[in-house]
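# Residue-level structural notes
One letter stands for each residue in the lines below.
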Amino acid sequence: MKYVACARGRGERRLLHRLEQDQAGTASPQVIDALARVLRLDAAETAHLHNLAGRPAAPRLTRDEPEHAHPRVLALLDALGDSVPALVLGRRGDVLAWNGSGHALFAEHLDFAAPADPVDRPSIPRQFFLDPLTKDLHRNWDELARTHVGYLRLTAGRYPTDARLAELIGELAMRSAEFATLWAEGDVADCTVGAMRLHHPTVGRVDVDYQVWLQPDSPDHRLEVYTARDGSSADALRLLRGSVGFTGSDRRRGHD
């Protein structure tokens with residue numbers, strides 16, 4: 001995946017900083033599109049620029065109700081069984097549900113039923129930057145860290161009044177020097193496909209492709225599915241599926 005800074009020069013970076021700080025005044029969509037062309041922004045970066053320009057000045061933070069996966073996406077997750085690892089993620093990267101192989105691949109050190117608790121459900125950004133076991137799992141952690149930070153910035157532009165999202169970003173910036181450094185770079189990225197290179201504590205080296213299925217009923221939610229990149233990784237995933245001690249119907253314990 002290609003990562004491109006939002007601004008190519010010092011002046012452009014100052015302008016984007018002013019937009020993020022609500023100091024640049026009102027800009028029309030035509031002006032924003034022209035700026036995006038000058039800066040050679042990609043689609044995610046252009047969308048972020050529009051989000052910044054269109055948000056209200058000094059937005060008041062609000063605290064939404066806890067997220068819940070839509071029944072249709074849960075039915076799809078049930079239909080997958082444990083054939084491929086899969087997770088349902090909320091707006092802020094919280095795990096709303098996972099199947100047995102998804103849990104085993106990414107978080108076997110956590111309680112399988114954890115997504116059912118809206119207060120303590122796993123948070124992928126928190127795990128990625130604050131959990132040493134998750135960091136050790138990813139051989140291409142540096143690359144994926146940029147993905148997570150860029151996507152959080154894109155989401156923050158879309159939802160500037162989300163108090164829980166603001167708290168998450170503040171927590172990560174305070175507790176993770178790596179996150180704070182990447183956040184300060186100002187990069188934006190949407191994340192729908194990519195590669196993960198893992199060193200799994202049970203089955204060893206596993207390389208997977210991930211792809212995101214966006215949900216029309218819940219556009220903030222993402223069903224992420226992971227498939228093997230090569231034969232040895234496919235063998236490792238088969239071993240992992242064999243270690244999962246419950247069936248697809250038992251997976252219902254993995255969400256509320």
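Residues numbered from 1 in each chain as written. Predicted model: local features only at pLDDT ≥ 70, side-chain atom pairs only at ≥ 80, totals over all residues. Heavy atoms only, no water.

### Points about the pairing of strand S1 (residues 86-89)
Note the following rule: Partly exposed describes any residue whose relative accessible area lies between the buried limit of under 20% and the exposed limit of over 50%, with all areas from a 1.4 Å probe on protein chains only and scaled to the type maximum. For the purposes of this entry, the term helix denotes a DSSP run of H or I that reaches at least four residues, the term strand denotes a run of E that reaches at least two, and both are numbered from the N terminus. In this description, strands pair whenever DSSP reports at least two bridges between them.
Along S1, one buried face is formed by Ala 86 and Val 88 and the opposite face, lined by Leu 87 and Leu 89, is buried too. Pairing of S1 with strand S5 (residues 218-228) involves four bridges; the strand directions are antiparallel. Within the sheet, the bridge partner assigned to Val 88 lies in S5 and is Leu 223. Note that S1 and strand S2 (residues 95-98) share three bridges and pair antiparallel. When the sheet's bridge partners are listed, Val 88 is paired in S2 with Ala 97. Linkage of S1 to S2, two consecutive antiparallel strands, is achieved through a turn of five residues, within which Gly 93 is found at a positive phi near 85 degrees.

### Regarding the confidence of the model for the protein
Worth spelling out the cut-off: A residue's pLDDT is the predictor's confidence in that residue, given on a scale from 0 to 100. What makes two residues a contact is simply this: any of their non-hydrogen atoms within 4.5 Å.
Taken residue by residue, the protein gives an average pLDDT of 82. The fraction at 70 or more is 72%. Low pLDDT (under 50) marks residues 1-12, which in the prediction has 33 contacts with non-local residues, meaning those over four places away or in another chain. In the predicted structure, residues 246-253 sits below a pLDDT of 50 and forms 21 contacts with residues beyond four places in sequence or in another chain.

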